There are 2 protein chains.
Amino acid sequence: MLHVAEAARVSVATVSALINGTATVSPELSARIEQAIRDIGYKRNAIARSLKMGTTRTIGLTVPHITNPFFTDVVSVIQQAFDRAGYAVMLCCTDEDLNTQDDQIKLLLDRMVDGLIVARVGDGALLKGIVEDANVPVVLLDRICEGVDTDAVVLDNQRAVFDAITYLINLGHRRIGYITGTSDITPMHDRMTGYREALQAAGLPVSEELVRSGNFHEIDGYNATMQLLSLHERPSAIFSANNPMVIGTMKAIRDIGLSCPEDISVACFDDFPWSDVFQPQLTTVAQPVQAIGEQAANLLLDRLAGNRDAPPRKLVLKGRLMIRNSCRPLGTVAQSLSA
Amino acid sequence: MLHVAEAARVSVATVSALINGTATVSPELSARIEQAIRDIGYKRNAIARSLKMGTTRTIGLTVPHITNPFFTDVVSVIQQAFDRAGYAVMLCCTDEDLNTQDDQIKLLLDRMVDGLIVARVGDGALLKGIVEDANVPVVLLDRICEGVDTDAVVLDNQRAVFDAITYLINLGHRRIGYITGTSDITPMHDRMTGYREALQAAGLPVSEELVRSGNFHEIDGYNATMQLLSLHERPSAIFSANNPMVIGTMKAIRDIGLSCPEDISVACFDDFPWSDVFQPQLTTVAQPVQAIGEQAANLLLDRLAGNRDAPPRKLVLKGRLMIRNSCRPLGTVAQSLSA
DNA sequence: TGACAGGATCGAAACGTTTAGATTAGCGTT
DNA sequence: AACGCTAATCTAAACGTTTCGATCCTGTCA
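The rules behind these values
Residues numbered from 1 in each chain as written. Chains lettered and ligands numbered in written order. Predicted model: local features only at pLDDT ≥ 70, side-chain atom pairs only at ≥ 80, totals over all residues. Heavy atoms only, no water. Axes fitted to C-alpha atoms, helices over the stretch in contact; angles between N-to-C directions. Helix = DSSP H or I, 4+ residues; strand = E, 2+ residues; numbered from the N terminus. Parallel < 35°, antiparallel > 145°, perpendicular 65-115°, else oblique. Left-handed = near helix turned anticlockwise from the far one by under 90°. Contact = heavy atoms within 4.5 Å. Nonpolar A, V, L, I, M, F, W, Y, C, P; charged D, E, K, R; others polar. Pairing = 2+ DSSP bridges. 1 Å grid on protein atoms, 1.4 Å probe; cavity = no way out; pocket = protein on both sides within 12 Å on 5 of 7 lines; lining within 4 Å. Points joined across faces, edges and corners; volume = space filled by probe spheres on them. Core = buried A, V, L, I, M, F, W, Y, C linked by side-chain atoms within 4.5 Å. Buried < 20%, exposed > 50% of the residue type's maximum accessible area, 1.4 Å probe, protein only. Buried area = accessible area lost by both parts, 1.4 Å probe. Salt bridge = Lys/Arg side-chain N within 4 Å of Asp/Glu carboxyl O. Polar contact = N/O pair within 3.5 Å; in protein donor to acceptor, adjacent residues only side chain to side chain. Least-squares fit on C-alpha atoms with pLDDT ≥ 70 in both. pLDDT = per-residue confidence, 0-100. Near = heavy atom within 4 Å.

A. Fine view of the packing of helix α5 (residues 69–84) of chain A against helix α12 (residues 289–304) of chain A. Residue and element names in this part refer to chain A. Contact geometry of α5 with α12 gives a least axis separation of 8 Å together with a crossing angle of 40 degrees. Here α5 lies oblique to α12, going by the angle between them. Here α5 and α12 pass one another in a crossing that is right-handed. Only Val289, Gln290, Ile292, Gly293, Glu294, Ala296, Ala297, Leu300, Leu301 and Leu304 of α12 make contact with α5, whose side of the interface consists of Phe70, Asp73, Val74, Val77, Ile78, Ala81 and Phe82. Residues belonging to the contact of α5 with α12 are distributed by class as follows: 13 nonpolar, 2 polar and 2 charged.

B. Molecular detail of the sheet that holds strand β7 (residues 211–213) of chain B. Residue and element names in this part refer to chain B. The 6 strands are arranged β7-β6-β8-β9-β10-β12 in an open sheet whose pairing can be described as mixed. Only two strands of the sheet have a single neighbouring strand rather than two, namely β7 and β12 (320–322). Between one strand and the next, the sheet's axes are offset by a mean angle of 15 degrees, whatever the strand orientation. Of the pairings in the sheet, the one linking strand β10 (residues 283–286) to β12 comprises 3 bridges and is antiparallel in character. From the neighbouring strand, Val285 faces β12, where its bridge partner is Leu321. Packing against the sheet, helix α10 (residues 218–229) makes contact with β6 (176–180), β7 and β8 (237–240), and its axis sits at approximately 155 degrees to β6.

C. Examining empty space enclosed by the protein more closely. Applying the stated criterion across every chain yields a total of 3 cavities of 30 Å³ or more. Considering only enclosed or pocket space, the largest cavity measures out at about 160 Å³ in volume. In terms of lining, the largest cavity is formed by 14 residues, of which the most central are Ile47, Met90 and Arg111 of chain A together with Ile47 and Met90 of chain B. Of all the secondary structure elements, the ones that give two or more residues to the lining of the largest cavity are α4 (46–53) of chain A together with α4 (46–53) of chain B. Class assignment of the residues belonging to the lining of the largest cavity gives a composition of 6 nonpolar, 6 polar and 2 charged.

D. Fine view of the nonpolar core. One finds Phe82 of chain A together with Phe82 of chain B to be the most contacted residues of the largest nonpolar core, which totals 154 residues. The residues contacting Phe82 of chain A, other than those within four sequence positions of it, are Ile59, Tyr87, Val89, Ile117, Ala297, Leu300, Leu301 and Leu304 of chain A. Val131 and Val138 of chain A together with Leu108 and Val138 of chain B belong to the second largest nonpolar core, which has 38 residues in total.

E. Structural detail: the interface of chain B and chain A. On the side of chain A, 45 residues touch chain B, which itself brings 45 residues to the contact. Counting the surface lost from both chain B and chain A, the interface buries some 4,000 Å², and carbon and sulfur atoms represent 64% of this. It is Ile47, Arg111 and Phe278 of chain B that lose the most area in chain B upon contact with chain A, and together they represent 17% of the buried surface on that side. Connecting chain B to chain A are 5 salt bridges. Across the pair Asp110 of chain A and Lys43 of chain B runs a salt bridge whose closest N-O atoms are separated by 3.3 Å. Summed over the shared surface of chain B and chain A, the result is 20 residue pairs in polar contact (both at pLDDT 80 or more). When contributions to the side of chain B that touches chain A are tallied by element, the ones reaching two or more residues are α4, α5 (69–84), β2 (88–93), α6 (98–110) and α11 (243–255) of chain B. Counted by class, the side of chain B that touches chain A contains 22 nonpolar, 12 polar and 11 charged residues.

F. Inspection of the relation of the copies chain B and chain A at higher detail. It takes a turn of 180 degrees to lay chain B on chain A, together with a shift of 0.0 Å along the axis; the resulting RMSD is 0.1 Å. Viewed as a symmetry operation, the transformation between the two copies matches a two-fold axis. Looking at chain B, 100% of its interface residues are interface residues in chain A too, so the copies touch through the same face.

G. Spatial organisation of the side chain of Arg143 of chain B. Residues and elements named next belong to chain B. Structurally, Arg143 is set in the loop between β4 (138–141) and β5 (151–155). By relative accessible area, which is 3% here, Arg143 ends up buried. A distance of 3.1 Å separates a polar atom in the side chain of Arg143 from a polar atom in the side chain of Glu96. Here the side chain of Arg143 touches Asp142 through a polar contact of 3.3 Å, side chain to side chain. The residues touching Arg143, leaving out its near neighbours within four places in the chain, are Pro64, Phe71, Glu96, Ala119, Arg120, Val121, Val154, Ile185, Thr186, Pro187 and Phe216.

H. Structural view of the confidence of the model for chain A. All names here are of chain A. Summary statistics for chain A give a mean pLDDT of 92 and a share of 97% for residues scoring 70 or more. Within chain A, the element-level pLDDT minimum falls on helix α13 (residues 333–338), averaging 41, and the maximum on strand β8 (residues 237–240), averaging 98. Low pLDDT, under 50, characterises residues 333–339; the stretch is placed with 6 contacts to residues that sit more than four places away or in other chains.

I. The arrangement of the protein's contact with DNA strand D in detail. Close to DNA strand D lie 22 residues; Met1 and Ser16 of chain A together with Thr14, Thr24 and Ser26 of chain B are nearest. Sugar plus phosphate, as a fraction of atoms of DNA strand D within 4 Å of the protein: 72%. Separating a phosphate oxygen of DNA strand D from a backbone N or O atom of Ser11 of chain B is a distance of 3.0 Å. One of the side-chain nitrogen or oxygen atoms of Thr14 of chain B is found 2.4 Å away from a phosphate oxygen of DNA strand D. Those elements giving two or more residues to the surface near DNA strand D turn out to be α2 (12–20) and α4 of chain A together with α2 (12–20) and α4 of chain B. Tallying contributions element by element places α4 of chain A first for the surface near DNA strand D, with 4 residues. Residue composition of the surface near DNA strand D, by class: 10 nonpolar, 7 polar and 5 charged.

J. Structural context of the protein's contact with DNA strand C. If you check the shell around DNA strand C, you find 23 residues, and the closest are Thr14, Thr24 and Ser26 of chain A together with Met1 and Ser16 of chain B. Among atoms of DNA strand C positioned within 4 Å of the protein, sugar and phosphate together represent 74%. Met1 of chain B places a main-chain nitrogen or oxygen 3.3 Å from a phosphate oxygen of DNA strand C. Between DNA strand C and the protein, one listed contact pairs a phosphate oxygen with a side-chain N or O atom of Asn20 of chain B at 3.2 Å. Elements with a minimum of two residues in the surface near DNA strand C: α2 and α4 of chain A together with α2 and α4 of chain B. No other element matches the 4 residues that α4 of chain B contributes to the surface near DNA strand C. Classifying every residue of the surface near DNA strand C gives 10 nonpolar, 7 polar and 6 charged.

Here you go:
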């Protein structure tokens, strides 16, 4: 900018005034300055501007795994929303690791992001500190934190799983295997609650041997399924509470020589774009990814627009059971239901 | 930092020296400073540091669509690599739009990213300017630019498609539909060349009616497939040169009442994690995503480490044909091959 | 004609760092 | 006792903006 000012024979203050439109500058100086800008190829340095203004027009976004299609979609929506609003987004993947998450959030804060959208991992102790220090607005995505009072958009996980399990029960399934992620995050906890409640509501026992947990990866789903399938009395259906893990479930079923839905029914949380075109067409609980992403972006943009003091808002969206053909009715349906 | 300095009764220079280890500071001052840092909860402002140092330890990454599984995976790998190296990554999705891409790259440069990884869109005129102005190192990903002389990592697209089409031909297919993306980017161009050459090598005609192009989205694949399937003499196999479009292809096949591979064989570019577990198990050309991401990251990290003057390096990796069960041999194989 | 309002322009401080160079203190040599 | 050397510390400028308040000019009005 100094060079521009010199070339146009004006002060830097005038250049700044013209660029930002913060004061009127005469036509002739404007012309000179604009010419100089073109000649020099000047571009305003956003870092210097950020330092002075105290705002970076950048937000931080952390998710556990970007390869999980649910997060992929949400990230995509959020990215677009902030792009439209003229914000850049720094993306971090925490790989479901608490320390990684802490490091990344610190890194983002060091870089003076204006806001944070976090699909958190672990117990959120650091997050609590951040929110309370209240330097930047943060919105929680998908997963909320007990002690942390801030904006959030989540799914009614309990209800969604309740409905899915109830659907399986109505098909005649009595032994329903359940594969969960680590239970220290709310969605996994709530989904598990939905599972238990559905069984209880149907008067069925909750057998611990039917519940397995893994760390969200395909391999974990594979191992969990292997265990379920080698039970003395194996389940007739399996519900996987997480999207990548269900791939592992399907591989395990294949490797053990069974087929779905003939030998075993499968349903899972989170939809895939290809669910209704490959066989078996998976019955899933679809999250409204578009809405989730947009709402999260809107909540944060609203705070960034200056609405800092409004009380925390918590949006709870509804999942939708997408019934396809990966779950089959058991022969005993009629009797079981009438029993 | 000023506050820390005051609290510890030292100068800011000493605080800086201690934090960065750029000079020795006596044990007693160190203790006082560290205490003050803890008391105040001081965190270094990365923006101010960036301004002074001229480096942000942030890189920009632009891809056309993050929801394309190929890019999802590559982004994930790149993100991890830079995370390990202490860099943040700003992610932009250009949505296959040239103007969007230009805007985003400008935005990234304004923010003084230290480097750029670009899976480009369009003819790359702006990119050429950027690379030539040589302020920041850029590595091209997946797609190269004619006039732009910079680091790049790409696939041998031509060979990969040549092999895939040859495979179909060996199965006995003679009319092979081909669905491409817009041909202004190198991979699409090269893949198309591979298609033509494979046909020519087998002495088959290249019929323009069998070639359809779309804009990379599922719906484009759907429409293109619909057109191919309504041809007077419809193809016995379809190859989709892009990953999301093949979903559209499968939907079109389903909607028209055909099935794969019984009525029509399908293969495509880019692998899916679930390819070998759902039916039909798609035959695909798998790109080495892990290697691509790592190589791209390494090329850029090497430049960032100071190796600015080395000549541009272009890495060409090989695809791998993953043969599954979505392509069936035609009855006429024996005769055709011996003919 | 002189005072003054108002618009255009400018000078300089500030944002929070890093760092070159100056200063100081301590200590062994001669 | 004077000297020089080294290590520790400090002062102040610089990075590229924004912005407050000051200055300058022009024209209007009494």
